[in-house]
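Coordinates in review
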Amino acid sequence: MPFTDATEPVPPELKTDEFSLRPIVVGDTEKDYAAVMETREPLRLWRQSTWPEDDFTVEENRKDVVDMEERHAAHRAFNYTVLDPSGTRCVGCVYVFPPSATFLAKSTVIPVGADDWADVDAVVFFWARRPEMEKGMDERLLAALRAWFKDEWKFEKTVYATSEPFTQQVELLARTDLSLKFELLEPGKAGKRLVFG
């Protein structure tokens, strides 16, 4: 497992005609910042917080990106930027966490059916930039991610997490053949996180 073995290779990229994914690096700060700020209202629902604040700065974002780059290098979590075909515009992000990640370990996990949280290989969060989301790119991103984690990562049980208040993404996940497997109650969050698999 790449989360427990730092020598285990991690797939470096995913490419489609519409977008590509690669690990986020500090050089992506400005591109990422533009995407975050254009998508701030959906992201606040997704995060169940006031982040990003209206006065969020590029330098604050740089610190976040450095942290993501370091977590990726240390195999604690894998963080990918989603870029347009030219590679010049960020159109989203993908975050791959082990189920033992600190914020998940602090959450109360409520199984919806017979599934066991201990069987989960990875918990994936993703978002698409607002204009791309409005064109349905997030649906195509999800489809590409599902194939990628199955075929390239060889994960047997990948789950996709969202937040109950982010109804657009909840409805997107519910439209697929995925089903609700777990509800997560995270300390300090008013709504549930919903986990599909």
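Note that the structure is a prediction, hence the values are computed from the model and not measured.

Examining the packing of helix α6 (residues 137–151) against helix α7 (residues 167–175)
Between α6 and α7, the shortest axis-to-axis distance is 11 Å and the interhelical angle comes to 50°. Considering the angle they form, α6 stands oblique to α7. Helix-helix and strand crossings are classified by hand; for α6 and α7 the assignment is right-handed. Counted together, Asp138, Glu139 and Leu142 of α6 and Gln168, Leu172, Leu173 and Arg175 of α7 form the full contact between these two elements. Among the residues making up the contact of α6 with α7, the classes are represented as three nonpolar, one polar and three charged.

Details of the packing of aromatic side chains
Across all of its chains, the model carries 18 aromatic pairs by this definition. Arranged with centres 6.3 Å apart and planes meeting at 80°, the rings of tryptophan 46 and phenylalanine 125 form a pair that is edge-to-face. In this pair, tryptophan 46 sits in helix α2 (residues 40–47) while phenylalanine 125 sits in strand β6 (residues 122–128), placing the two residues 79 residues apart along the sequence. Taking 5.2 Å as the distance between ring centres and 80° as the angle between the ring planes, the aromatic pair formed by tyrosine 80 and tryptophan 148 counts as edge-to-face. Of the two residues, tyrosine 80 is situated in strand β3 (residues 78–83) and tryptophan 148 in helix α6; the sequence distance between them amounts to 68 residues. With respect to class, tyrosine 80 is no different from tryptophan 148; both count as buried. Feature note: the residues Phe3, Phe78, Tyr80, Trp148, Phe149, Trp153 and Phe155 constitute an aromatic cluster, connected by ring pairs. A cation over a ring is seen here: arginine 47 above tryptophan 51, with NZ or CZ 4.4 Å from the ring centre.

A closer look at a negative patch on the surface
Negative charge collects at one region of the surface, where Glu53, Asp55, Glu60 and Asp64 lie side by side. With respect to the secondary-structure elements, glutamate 53 resides in the loop between α2 and α3 (58–73).

Definitions and cut-offs
- Every chain is numbered on its own, with residues counted from 1 as its sequence reads.
- The predicted origin of the model limits local features to residues at a pLDDT of at least 70 and limits the giving and counting of side-chain atom pairs to 80 or more, whereas totals for whole chains, interfaces and linings rest on all residues.
- Side-chain measures here rest on the full set of heavy atoms in the structure, leaving out hydrogens and waters.
- Here the axes come from fitting lines to C-alpha atoms, over the contacting stretch only for helices, and the angles between their N-to-C directions go from 0 to 180 degrees.
- Here a strand is any run of E in DSSP of at least two residues, a helix any run of H or I of at least four, and the numbering for each starts at the N terminus.
- In what follows, roughly perpendicular refers to angles from 65 to 115 degrees, roughly parallel to angles under 35, roughly antiparallel to angles over 145, and oblique to any angle outside these ranges.
- It is the rotation of the near helix from the far one that decides the hand of a crossing: anticlockwise by less than a right angle makes it left-handed, clockwise makes it right-handed.
- The contact criterion used is simple: two residues touch if any of their non-hydrogen atoms lie within 4.5 Å.
- When residues are sorted by character, Ala, Val, Leu, Ile, Met, Phe, Trp, Tyr, Cys and Pro go into the nonpolar class, Asp, Glu, Lys and Arg into the charged class, and all the rest, Gly among them, into the polar class.
- Any pair of Phe, Tyr and Trp rings, taking the six-membered ring for Trp, is counted once the centres come within 6.5 Å. Such a pair is stacked with planes under 30 degrees apart, edge-to-face with planes over 60 apart, and tilted for the rest.
- Categorising residues by exposure relies on relative accessible area from a 1.4 Å probe, with only protein chains included: less than 20% of the type maximum marks a residue as buried, more than 50% marks it as exposed, and the intermediate range marks it as partly exposed.
- We call a charge positioned above a ring when the Lys NZ or Arg CZ atom is no farther than 6 Å from the ring centre and deviates by at most 35 degrees from the ring normal.
- Residues form patches when they are more than 30% accessible in relative terms and have no salt bridge. Like charges link within 9 Å. Nonpolar side chains (Val, Leu, Ile, Met, Phe, Trp, Tyr) link within 5 Å.
- For the accessible areas, the method is Shrake-Rupley and the probe is 1.4 Å, while residue cover comes only from the protein chains on display.
- Salt bridge, as applied in this entry: a Lys or Arg side-chain nitrogen positioned within 4 Å of an Asp or Glu carboxyl oxygen.
- The charged-residue count follows a simple rule in which Lys and Arg add positive charge and Asp and Glu add negative charge, with His and chain termini not counted at all.
- Charged groups are reduced to one reference atom each: NZ for lysine, CZ for arginine, CG for aspartic acid, CD for glutamic acid.

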